[in-house]
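Next come the chains, spelled out residue by residue.
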Amino acid sequence: MKILIVEDEPALRELIQQTLEKERYVVETAEDLAGAMEKVGVYDYECILLDLMLPDGSGLSLLEEIKRLRKKESVIIISAKDSIDDKIQGLDLGADDYLAKPFHLAELVARVKSVIRRKHRDGEHTVTVGNVVVFPDKFRVEIEGKEIELNRKEYDILHYFMNRAGRLINKSTLAESVWGDHIDQVDNYDFIYAQMKNLRKKLSDAGADIEIKAVYGVGYKLIG
Ligand code: CA
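Keep in mind that what you see is a predicted model, and the values were worked out from it rather than measured.

Reading the values: the criteria
Residues numbered from 1 in each chain as written. Predicted model: local features only at pLDDT ≥ 70, side-chain atom pairs only at ≥ 80, totals over all residues. Heavy atoms only, no water. Helix = DSSP H or I, 4+ residues; strand = E, 2+ residues; numbered from the N terminus. Buried < 20%, exposed > 50% of the residue type's maximum accessible area, 1.4 Å probe, protein only. Polar contact = N/O pair within 3.5 Å; in protein donor to acceptor, adjacent residues only side chain to side chain. Contact = heavy atoms within 4.5 Å. Donors = N, O, S within 2.8 Å, 3.2 Å for Na, K, Ca; no water. 1 Å grid on protein atoms, 1.4 Å probe; cavity = no way out; pocket = protein on both sides within 12 Å on 5 of 7 lines; lining within 4 Å. Points joined across faces, edges and corners; volume = space filled by probe spheres on them. Nonpolar A, V, L, I, M, F, W, Y, C, P; charged D, E, K, R; others polar. Domains from an automatic or database assignment. Core = buried A, V, L, I, M, F, W, Y, C linked by side-chain atoms within 4.5 Å. Axes fitted to C-alpha atoms, helices over the stretch in contact; angles between N-to-C directions. Parallel < 35°, antiparallel > 145°, perpendicular 65-115°, else oblique. Left-handed = near helix turned anticlockwise from the far one by under 90°. Salt bridge = Lys/Arg side-chain N within 4 Å of Asp/Glu carboxyl O.

So, the side chain of Glu73
Looking at the element boundaries, Glu73 is found in the loop between α3 (60–68) and β6 (74–79). Relative accessible area serves as the criterion here: at 7%, Glu73 is assigned to the buried category. One polar contact links the side chain of Glu73 to the main-chain amide nitrogen of Tyr45, over a distance of 2.8 Å. Looking at Glu73, its side chain comes within polar contact range of the side chain of Lys71, at 3.3 Å. If near-sequence neighbours (up to four positions away) are discounted, Glu73 is found in contact with Tyr43, Asp44, Tyr45, Glu46, Ile48, Asp96 and Lys119.

Right, here's the structure in full:
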């Protein structure tokens, strides 16, 4: 679950980043509009936290760009200007939520979880495919009611596929989502293979009736 923070104030940006990393999100940051535009043009995110007053323009321009590119990022505006006009304009441009500064970090986390829940699960707190249930708020996975132990990356991979059951996911998309944007610099994706192998074994040993199948030369697909 990868999140982009677009915020020019370093202290706040770092604080939000640390908070979300504690919640086990993969966090990327941009400190201005140009940086954010570049990131959004190249990478995909689950959710973008968007400051409106940026040194080189308005965060609303990023919303327009996301719309133009027909991307599916959820956007939460975080703005110091608690102006009704900005709020309406932002929501009109497709923002999912609006949080006025200053805000409590706990509330920000709750809003992030909520927009992601709405996006993938119609507001449900669990994700179920076959006999496998993921509890994202607790990082817990159960098969037939019994918890299975996964390491962090195994969990992240499974959660990612559970939200995209039946869809073919290419390796670079998976790597960027689970490991972070920097991963597009690597020469090969062998590290995915190792994690995937362990995850598939754990699922099969625990009696899961779902399978993450390799699609040769392309990536993987979760079959339920
Ligand atoms: Ca600002």
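A short note on the coordination of the calcium ion
Protein-derived ligands of the calcium ion are Asp8 (OD), Asp51 (OD) and Met53 (O), with the metal-ligand distances lying across 2.2 to 2.3 Å. Spacing between the donor residues of the calcium ion along the chain follows D-x42-D-x1-M. Here the residue Asp8 occupies a position in the loop between β1 (2–6) and α1 (10–22), and Asp51 occupies one in strand β3 (residues 47–51), the gap between them amounting to 43 residues.

Re the layout of surface pockets
By volume, the largest pocket is sized at about 420 Å³. Lining the largest pocket are 19 residues, and of these Asp44, Lys72, Lys119, Arg164 and Arg167 lie nearest its centre. Only α5 (105–121), β12 (168–170) and α7 (171–179) provide two or more residues apiece to the lining of the largest pocket. For the lining of the largest pocket, the element with the most residues is β12, which contributes 3 residues. Residue composition of the lining of the largest pocket, by class: 5 nonpolar, 4 polar and 10 charged. Each of domain 1 (2–121) and domain 2 (127–223) contributes no fewer than three residues to the lining of the largest pocket.

Focus on the nonpolar core
With 29 residues, the main nonpolar core has Leu158, Phe161, Met162 and Leu174 as its most contacted residues. Looking at this core, the elements that each hand over two or more residues are β8 (127–129), β9 (132–135), β10 (140–143), α6 (152–162), α7, α8 (190–205) and β14 (219–223). Among the elements that make up this core, the one with the highest residue count is α6 (6 residues). The residues contacting Leu158, other than those within four sequence positions of it, are Val132, Val134, Val141, Leu150, Leu199, Leu203, Ile210 and Ile212.

Considerations on the packing of α1 against α5
The packing of two helices is summarised by the inter-axis angle and the distance between the axes. Contact geometry for α1 and α5: axes closest at 11 Å, N-to-C directions at 60°. When the interaxial angle is binned, α1 and α5 end up oblique. Viewed along their axes, α1 and α5 form a crossing whose handedness is right-handed. On α5, the residues touching Leu15, Ile16, Thr19 and Leu20 of α1 are Leu105, Leu108, Val109 and Val112.

Observations regarding the pattern of salt bridges
Within this structure, the stated rule accounts for 21 salt bridges. What emerges from the salt-bridge pattern is a single network uniting Lys2, Glu28, Lys39 and Asp181.

Quick look at the environment of Val134
Along the polypeptide, Val134 turns up in strand β9. Since its relative accessible area comes to 0%, Val134 is described here as buried. Sequence separation between Val134 and Gly145 is 11 residues; the distance between their C-alpha atoms is 11 Å.

Digging into α7
Listed as buried for α7 are Leu174, Ala175, Glu176, Ser177, Val178 and Trp179. In this fold, the buried residues of α7 make contact with β1, β2 (26–30), α6, β12, α8 and β14. The first or second residue beyond α7 is Gly180, which carries a positive phi of 120°.

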